[in-house]
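Residues per chain are reported as follows:
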Amino acid sequence: MKLPLNTEKARRAAAHPKRPGMNCRAAPGEWVPVVDRNRCEGKRDCVEVCPENVFEVRRIDDADFDALSLLGKVKSVVHGRLTAYTPHADGCRACGLCVVACPEDAITLVRGA
Ligand code: SF4
Ligand code: SF4
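Undergrad: An account of the pairing of strand β1 (residues 31-35) is needed here, citing residue identities and associated values.
TA: With four of five residues buried, β1 is to be regarded as a mostly interior element. Note that β1 and strand β4 (residues 107-111) share five bridges and pair antiparallel. Residue V34 lies in a different strand from β4, and its bridge partner there is T108.

Undergrad: Just give me the short version of the site of ligand 2, but keep the residues and values in it.
TA: Lining the immediate surroundings of ligand 2 are 15 residues, of which C50, V54, C92, C95 and C98 lie closest. Partitioned by chemical class, the residues of the shell around ligand 2 number eleven nonpolar, two polar and two charged.

Undergrad: Give me the lowdown on the site of ligand 1, citing residues and values where you can.
TA: In the region of ligand 1, 14 residues are neighbours, and C40, K43, D45, C46 and C102 sit closest. Class assignment for the residues of the shell around ligand 1 results in eight nonpolar, one polar and five charged.

Undergrad: Describe the environment of I60, naming the residues involved and giving the relevant values.
TA: Take I60: it is sitting in the loop between β2 (56-59) and α3 (62-66). When the C-alpha positions of I60 and R111 are compared, they lie 24 Å apart, and in sequence the two are 51 residues distant. In this structure I60 touches R37, F65, S76, R81 and T83, once residues within four positions along its chain are discounted.

About the cut-offs
Residues numbered from 1 in each chain as written. Chains lettered and ligands numbered in written order. Predicted model: local features only at pLDDT ≥ 70, side-chain atom pairs only at ≥ 80, totals over all residues. Buried ≥ 20, exposed ≤ 12 C-beta atoms within 10 Å, placed from the backbone. Helix = DSSP H or I, 4+ residues; strand = E, 2+ residues; numbered from the N terminus. Pairing = 2+ DSSP bridges. Near = placed C-beta within 6 Å. Nonpolar A, V, L, I, M, F, W, Y, C, P; charged D, E, K, R; others polar. Contact = placed C-beta atoms within 7 Å.

The values are spatial; any link to function lies outside them.
Here you go:
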């Protein structure tokens, strides 16, 4: 089920001069977002702007927590151990909105498999 977009945040992201990607013209899964968990603070802007419902913010998996840097662990604990996962990455159309909407610069678009 698609969640309603935060249209104000999505509008601002769409107008961002550094918005990367292919303006939703990529085939689904051609590009995928990668989240840097040392930067992510679980703020959900990605969830709020993604038109393809790619993201989910939830408690970080133990293995991912263990892989964080010391600073990343401290940040994670401060932010309730929340982080963004991409359960529907195969739906990404490379609109680039999440990349510029993320306040922590935690998202990069990379070529999918
Ligand atoms: S990736 Fe960025 S926008 Fe998404 S939850 Fe993490 S900090 Fe927030
Ligand atoms: S670039 Fe980001 S916001 Fe756009 S479809 Fe892909 S994951 Fe969603």
